[in-house]
Each structure stands twice: as C-alpha cells, then as structure tokens.
Amino acid sequence: INDATNVSSKIRPCAWSGISCNDAGRVINISLTNTGLSGTLHDFSFSLFPHLAYLDLSFNELFGIIPPQIGNLSKLQLLSLHANAFSGKIPCEIFLLTHLKFLILHSNKLNGSIPPLGNLNNLVKLFLLNNSLSGSIPPDIGNLKSLSELDLSINQLSGSIPPSMGNLSNLNRLFLYDNLLYGSIPPNVGNLKSLLVLQLDENQLSGCIPRSFGNLTNLIQLFLSFNNLSGSIPREIGNLRSLVQLALDQNQFTGFLPPSLGNICRGGALQYFGVSENHFQGTIPKSLKYCTSLFRVRVDGNNLTGNISQALGIYHNLTFIDLSRNNFY
C-alpha cells in the first residue's frame with residue numbers, strides 16, 4: 001500500500017481492514033494487531049506514509065530488528081509492536097519522534113541500552129518491559145513531563161534510579177521491578193504525588209525508605225520486596241491511607257513496626273501486609289487491629305514478640321497468615 005493512493009484509486013486501501021485514512025485519502029492508521037503477521041519489517045517502505053499517526057502491529061509473529069527507517073514517520077503518535085519476537089537494539093531514531101504519545105515495545109527480545117529519550121516531550125506511556133534491555137536508565141527521563149505510565153520491569157537494567165525521575169509530576173504508575181538496579185531510592189521520588197502504583201521489588205536497592213514517601217498519599221500499591229533495603233520504616237508511611245498492598249518482604253529492615261501503620265488501616269483499604277524475612281523486633285502494633293480488610297498477612301522470619309491474641313483483630317476476609325519464625329506466644 002502507498003499513502004499517495006487516494007480514495008478514488010482503484011486499490012482503495014482505505015477500505016481495507018485495519019487501515020484508516022483521513023479525508024484526503026492519506027493513510028493515518030495501520031492497526032493489524034493479532035492478525036497472524038509473520039516475517040520482518042526490513043522491506044517495509046516507511047517513507048511512503050508521511051501522514052501515519054498510528055502503527056499497531058502487536059500480538060503477531062514479527063521478528064528481526066526494528067528498522068531505523070521507522071524514524072521517517074515524523075507524525076507518529078502511537079507505536080505499538082509488543083508481543084512479537086523483535087530482537088536487537090531499539091533504534092535511536094524512534095526517540096526523535098517528537099509527536100509520539102505511546103511507545104509500546106514490551107514482550108519482545110530487544111537488548112542493548114535504552115537510548116536517550118529526552119526529546120519525547122509528549123510521551124504519555126512508555127512500556128519496554130519483558131525484554132533483555134541492559135545498561136542504566138537514561139538520566140534525561142526526567143524530561144518526559146507528560147508521562148503517566150512507565151514500565152521498564154523484567155529486564156537487566158543496572159545502575160541507580162536517576163534522581164531526575166522525581167520530575168515526572170504526572171506519573172501514575174512506575175514499574176521497575178525485576179531488574180539489577182542498585183543504590184538508594186532517590187528521596188525526590190516522594191515528589192510524585194500522582195503515583196498510584198510504585199513497584200521497585202526484585203532489585204538490589206539499598207539504604208532506607210525515604211521519609212518523603214509520606215507525600216505519596218494517593219498510592220495504592222507499594223512493592224519494595226526482595227531488595228537490600230535497611231533501616232526502620234519511617235512513621236510517615238502512615239500517611240498512605242489509600243494503600244491496598246504494602247510489600248516490604250525480604251530486605252534488611254530493622255527496628256520496630258511503627259504504630260502509624262494503624263493510620264493506613266483506618267483508611268479501610270489495606271488487603272496485603274508483608275514484612276517477612278527482615279529483622280523487625282518488638283510487638284505487632286495494636287493498631288493493626290483496625291485493618292479489617294486484610295486477606296493476606298506475612299510477618300514471618302523476624303524477631304517479633306508479644307501475645308498474638310492481643311495484637312491481632314478480627315479479619316473476616318483473611319485467607320492466609322504466616323507468623324512463623326518469631327517469638328510470639
């Protein structure tokens with residue numbers, strides 16, 4: 001097909017399934033998701049579609065590299081190639097498409113580092129998860145002020161979380177889990193007051209939970225499990241009254257469980273509470289009695305003490321609780 005083919009043409013690609021045109025008969029949308037496409041894009045003539053705004057070839061059997069010529073689609077707003085078998089590096093040319101709002105390349109076999117992406121000022125969603133990407137997260141990621149969802153999970157990314165990420169004031173969901181990230185969590189992540197989901201689990205992060213996390217009052221999920229985080233839980237965690245899931249399992253946390261956890265419980269939403277395999281001591285805060293929505297609790301593998309019948313309340317929805325390897329009576 002050719003973008004120059006207008007509506008009056010004998011070929012009439014605008015009537016084809018998955019192809020949309022504007023009033024002038026120019027192809028602006030190619031959506032061929034889950035249509036059994038196979039092969040490569042090596043011979044695809046991207047330059048013939050200067051008006052293309054949407055390209056969705058997801059859930060197919062395409063393989064090989066993503067051609068650099070895709071950078072010729074200067075008006076592209078959505079690029080979705082996920083759930084294929086593309087390999088090789090992500091072309092730098094993609095990150096020059098300044099009109100791009102949705103870049104969805106997850107669940108392929110892409111490798112190499114993430115190119116500088118600070119030019120994508122209009123980007124709303126960036127999904128690169130479930131590939132084999134390595135190297136560090138580009139520090140210019142903080143330029144993407146329109147970003148609402150960022151998912152770089154299930155890769156081999158290393159280095160620290162760039163402090164510039166604290167500039168993403170519109171971010172709702174941040175997924176960095178199952179990587180090789182190390183270093184401390186930047187305190188200015190607490191600036192992301194729009195965050196609903198923060199998943200940093202299954203990395204090698206160290207240091208304390210920043211007290212600034214208390215500013216994340218809209219947070220529903222906080223997953224920090226399977227890291228090397230240490231220190232005590234800051235009392236400011238009690239500000240997160242919208243939390244549904246709090247997972248701090250398998251770290252090096254010490255100290256006492258703060259009574260301010262009860263503030264989360266009074267929010268009435270907390271369903272999962274996990275602090276297993278740490279070094280917490282003292283008693284379970286009596287305020288945990290207020291967590292009547294709990295259905296799963298893990299405090300096993302700590303140094304907790306006290307009378308368990310006094311610490312716990314009535315949890316009508318509880319399906320799993322593990323109190324083992326502590327000093328309860």
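Here the structure is shown first, and the text comes after it.
Residues numbered from 1 in each chain as written. Predicted model: local features only at pLDDT ≥ 70, side-chain atom pairs only at ≥ 80, totals over all residues. Heavy atoms only, no water.

Asker: Hey, could you go over the overall build of the protein for me, with residue numbers and the actual values?
Answerer: For the protein, the helix and strand inventory stands at two helices and 27 strands. The dimensions of the protein, computed from C-alpha atoms along their principal axes, are 80 × 40 × 30 Å. Counting the 329 residues in the protein, one finds 51% classified as buried. Pairs at least 24 apart in sequence give 48% of the contacts found in the protein among residues at least 6 apart. Total accessible area on the protein stands at roughly 14,100 Å², and carbon and sulfur atoms take up 50% of it. The positive charge centre, built from 20 side chains, and the negative charge centre, built from 17, are 9 Å apart in the protein. (Helix = DSSP H or I, 4+ residues; strand = E, 2+ residues; numbered from the N terminus. Buried < 20%, exposed > 50% of the residue type's maximum accessible area, 1.4 Å probe, protein only. Contact = heavy atoms within 4.5 Å. Areas by Shrake-Rupley, 256 points an atom, 1.4 Å probe, with all protein chains shown as cover. Lys, Arg positive; Asp, Glu negative; His and termini not counted. Charge placed at Lys NZ, Arg CZ, Asp CG, Glu CD.)

Asker: Pulling in residues and values, what's your account of the pattern of salt bridges?
Answerer: Applying the stated criterion across every chain, the model contains five salt bridges. Ionic pairing is found between Asp300 and Arg298, a salt bridge with its closest N-O pair at 2.7 Å. Given the relative accessible area of 0%, Asp300 is considered buried. The closest approach of N and O atoms between Arg325 and Asp300, which form a salt bridge, is 3.3 Å. Of this pair, Arg325 sits in the loop between strand E26 (320-322) and strand E27 (327-328) while Asp300 sits in the loop between strand E24 (296-298) and strand E25 (303-306); the two residues are 25 residues apart in sequence, bridging distant segments of the chain. It is possible to trace a salt-bridge network through shared partners that takes in Glu277, Arg298, Asp300 and Arg325. (Salt bridge = Lys/Arg side-chain N within 4 Å of Asp/Glu carboxyl O.)

Asker: Which residues make up the environment of Pro13, and what are the values?
Answerer: With respect to the helices and strands, Pro13 occurs in the segment before strand E1 (19-21). Counting along the chain gives twelve residues from Pro13 to Gly25, while the straight-line C-alpha distance between them is 9.1 Å.

Asker: Pulling in residues and values, what's your account of the side chain of Asn29?
Answerer: You can see Asn29 is positioned in strand E2 (residues 27-31). Take Asn29: its relative accessible area is 18%, and that puts it in the buried class. Only 2.7 Å separates the side chain of Asn29 from the side chain of Ser31, close enough to count as a polar contact. Here Asn29 is in contact with Gly18, Ile19, Ser20, Leu52 and Tyr54, once residues within four sequence places are set aside. (Polar contact = N/O pair within 3.5 Å; in protein donor to acceptor, adjacent residues only side chain to side chain.)

Asker: Can you tell me about the nonpolar core, naming the residues and giving the values?
Answerer: Grouped together as the largest cluster of nonpolar side chains are 85 residues, with contacts concentrated most on Leu55, Leu79, Leu103, Leu198, Leu222 and Phe273. Looking at this core, the elements with two or more residues in it are E2 and helix H1 (261-266). At three residues, H1 tops the list of elements feeding residues into this core. Leu79 has contacts with Leu55, Ile70, Ile94, Leu100, Phe102, Leu103, Ile104 and Leu105, leaving out every residue within four places of it along the chain. (Core = buried A, V, L, I, M, F, W, Y, C linked by side-chain atoms within 4.5 Å.)

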